[in-house]
Amino acid sequence: MSLRWLTAAISALLLGASCAGTGARVSHGPQREAKPSSASVSAPSTAAVTSATSLEPAQSAVQPVNSPIVAVTEPSELAELEANGFALARLLVNGDATTTAELAKLSAFQSLFDVVRADVRDAARPHPLARVTSIDGFRLFDERWLASSEMSFALAGVFNRLDRRAFYARSCGEVRFLYRLGYRTTQGGAPMSSRLPMMVNVVFLLDDAGDATCQRSARGWLTPPDVTGPALTRWLAQTGALAPVARAHWSLKSVETNLQTFRLQSSVLPSLAGHIEYDLRVFHATGDARHTFAPAPMENMPDAPRLAKARRERDALLAYLREPTVLASLDRGTLTVPDSFLAKRATSFAPRGLSRRANRPFSLLFGERDFSGLDLSRFSTIRSPAALLRRLDAASCSGCHESRSIAGFHFVGMDRADEPGFNALFSGLSSHLERDLERRARYVAALAAGHAPDEFRPLPERQAGGTGFGAPCGLGDPGFADWTCAAGLSCTRLEDREVGVCLSAESEIGSPCEYGELHDAQVPYRDSVANMSKPACRAACDGNFSGFPLGACVASCKSHNPALACSAFLDVDGFQNCLRAHGSFNACAAQFVSGLGVRACDARTACRQDYVCARTAQPGVGACIPPYFLYQLRLDGYPIAR
């Protein structure tokens, strides 16, 4: 995927206004939180990653501008940036370390890794059977990977976040560098490499000194005419927004980590299709020299366990959230909760997203009655207490990371073209991020043209879902009245108490086929589903026990169905048995990969919650499968422990 595609290819900007001044809407149907506009953006499919989208004819005059770059995700372009000063150690501490064994010798990374190791041990503490294994059902992140000569963090993406300026006084937003943990080793006498479910995000703030409107910063991301490919990458690093002159206005904000710490196999917790935990942290440097880092408060992540015991603090947070100006900021998606209420660690839980209370920290503290008596009629996204709480929870770290994400992440990096199909994603962007890049591009284009950008941010689960098959929809609460389904689909209640799923009357390919009543326990790993409904599929149902959350109707790859895609489906248990017997990666894959007919997906057609769009042999078409059938999204079964 090239830089040209990830500019979101804005080829024209409406004069007079475009989270851009026109509030341009990107949707598959009506959504209240996406404001009306005179223009809409259609993104290209990932089959044509170098093609540009265009704005539809506008009602007002337009003036051509260069496309704003909002993300760099092409592996070859990232490798070039990494080799020219943007490797993790070089960027953070001006060091030369590459492997995690080398990184661990630096005090800055030692301080980061020590906290992560402690979190892994803490995740294991409730489970006496938890260990590093690919055999038993209680599987743990291998902390030895953080000091291995075969492990390293590779630059997976660079993101322009000028749209984050609303959260910081006297700033022009952020620039983010995301790195993903991966390995290279020898297995069965042959090379073996892949990536692992751990990301490190290095975040810089851009000061607005001499650039109060941030127009200069925005123009640093505008692509020059006729500059493409490697030349565009070099321009960005030498002359554009990543050049030394631009970096003189940067200051390190934070280092952030997200990793999969613990997995319960679906066979251990069959009603949920397993249980997976993700550890999230934010670190701040303890001094200007960046020698050590310490955990810091996490944006909009309330410390629910502490506040639940401290009634006065809880009530103070509630009073803050009920203030009219705070409600307005929540409605437009720019809420900033004071640090005194915030946690320094978050855990998100999969599957089931916001259906699980453990992913909803504000709802652990407050109920709908706490927001009764408020006049919410003037708002767009919080028109009822239930909608207000869901908007709050979606703004938290745990809630956001479980809203239409890729196994607890919104970005995991793009897979190379030579990555085997059974281990490759159609796109490394979550469906929420796919849509949000379009919003961000309009925002940057507005700044570059000297216009005031629209600060409105849609809800992540709603922004990603549209109104098609699998989209979220309202079940009757007035706050979700405009969460509707496209023609031919109806809103079906599954396991979420507030939000249903758009489905057809018949159980078509990809439809849920095993769901019931979700019961939240005191501890998340004891959550369960009872009183299962099992609507019949035309062919077969792969259920929760098999690792398919809420079940999914599947079929043979030979079936004639326009909604079907043939997935290169991995028999993970057999594959791991083969690796343990010292088979090579390719030889084991040849034995334990087969075809399975599942629901098709692409850049504009998202999978339902808890499924990811995997690569297929058919160009431009992906396949919706549970994420943990992709080997790169699992923490278990790797022959690396050194």
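About the cut-offs
Residues numbered from 1 in each chain as written. Predicted model: local features only at pLDDT ≥ 70, side-chain atom pairs only at ≥ 80, totals over all residues. Heavy atoms only, no water. Helix = DSSP H or I, 4+ residues; strand = E, 2+ residues; numbered from the N terminus. Buried < 20%, exposed > 50% of the residue type's maximum accessible area, 1.4 Å probe, protein only. Areas by Shrake-Rupley, 256 points an atom, 1.4 Å probe, with all protein chains shown as cover. pLDDT = per-residue confidence, 0-100. Contact = heavy atoms within 4.5 Å. Arc of directions from axis to C-beta. Axes fitted to C-alpha atoms, helices over the stretch in contact; angles between N-to-C directions. Left-handed = near helix turned anticlockwise from the far one by under 90°. Disulfide = S-S within 2.5 Å. Pairing = 2+ DSSP bridges. Nonpolar A, V, L, I, M, F, W, Y, C, P; charged D, E, K, R; others polar. Polar contact = N/O pair within 3.5 Å; in protein donor to acceptor, adjacent residues only side chain to side chain.

Draft legend 1. Representation of the overall build of the protein. Across its full length, the protein holds 18 helices and 22 strands. Counting only residues that meet the buried cut, the protein has 61% of its 642 residues in that class. When the accessible surface of the protein is totalled, it reaches about 23900 Å², and 52% of it is carbon and sulfur.

Draft legend 2. Summary view of the confidence of the model for the protein. A residue-level look at the protein finds 89% of positions with pLDDT of 70 or above and a mean pLDDT of 88. A low-confidence stretch, residues 1-64 stays under pLDDT 50, and its non-local contacts, those more than four residues away or across chains, total 186 contacts.

Draft legend 3. Highlighting helix H18 (residues 585-592). By the burial criterion, the buried members of H18 are Phe 585, Cys 588 and Ala 589. When H18 is viewed along its axis, its buried side chains cluster within an angular range of 100 degrees and face the same direction. Those residues of H18 that are exposed and aimed more than 90 degrees away from the buried face are Asn 586, Ala 590 and Gln 591. If you follow the buried residues of H18, they end up packed against strand S6 (171-187), strand S7 (190-207), helix H17 (572-580) and strand S20 (593-601).

Draft legend 4. How the structure looks around the packing of helix H2 (residues 75-86) against helix H7 (residues 229-238). At a minimum axis separation of 10 Å, H2 and H7 run at an interaxial angle of 35 degrees. Judged by the sense of rotation from one axis to the other, the crossing of H2 with H7 is right-handed. Contact residues: Glu 77, Glu 80, Leu 81 and Phe 86 in H2; Gly 229, Pro 230, Thr 233, Arg 234 and Ala 237 in H7.

Draft legend 5. Up close: the state of the cysteines. By the definition in use, this model includes nine disulfides. A sulfur-sulfur distance of 2.0 Å marks the disulfide that ties Cys 513 to Cys 541. The disulfide joining Cys 513 to Cys 541 has a torsion of about 80 degrees about its S-S bond and is therefore right-handed. Taken as a pair, Cys 513 in the loop between strand S14 (499-503) and strand S15 (515-519) and Cys 541 in strand S17 (residues 540-542) lie far apart in primary sequence, 28 residues in all.

Draft legend 6. Structural context of the sheet that holds strand S21 (residues 612-615). Taken together, four strands build an open sheet; the order of strands is S19-S20-S22-S21 and the sheet is antiparallel. Two strands lie at the open edges of the sheet, namely strand S19 (564-570) and S21, each paired on one side alone. Looking at each pair of strands side by side, their axes are set apart by 55 degrees on average, direction ignored. Summarising the sheet, S19 and S20 pair through seven bridges and their orientation is antiparallel. If you follow Ser 567 over to S20, its bridge partner there is Leu 596. Packing against the sheet, H18 makes contact with S19 and S20, and its axis sits at approximately 75 degrees to S20.

Draft legend 7. Structural context of the packing of H17 against H18. Contact geometry of H17 with H18 gives a least axis separation of 9 Å together with a crossing angle of 145 degrees. Of the two elements, H17 crosses H18, and the hand of that crossing is right-handed. From H17, Gly 574, Phe 575, Cys 578 and Leu 579 reach across to H18, where they touch Phe 585, Cys 588, Ala 589, Gln 591 and Phe 592. Counted by class, the contact of H17 with H18 contains seven nonpolar, two polar and no charged residues.

Draft legend 8. Fine view of the environment of Ala 563. Here Ala 563 shows up in the loop between strand S18 (552-554) and S19. Classification of Ala 563 as buried rests on a relative accessible area of 17%. Apart from the residues lying within four places of it in its own chain, the contact partners of Ala 563 are Ile 509, Val 598, Arg 599 and Ala 600.

Draft legend 9. Structural detail: the environment of Tyr 278. Note on placement: Tyr 278 falls in strand S9 (residues 275-285). C-alpha of Tyr 278 to C-alpha of Gly 408: the two residues are 130 residues apart in sequence and 6.6 Å apart in space. A distance of 3.4 Å separates the side chain of Tyr 278 from the side chain of Gln 260, its partner in a polar contact. Within the structure, the side chain of Tyr 278 is placed 2.6 Å from the side chain of Tyr 628, a separation counted as a polar contact.

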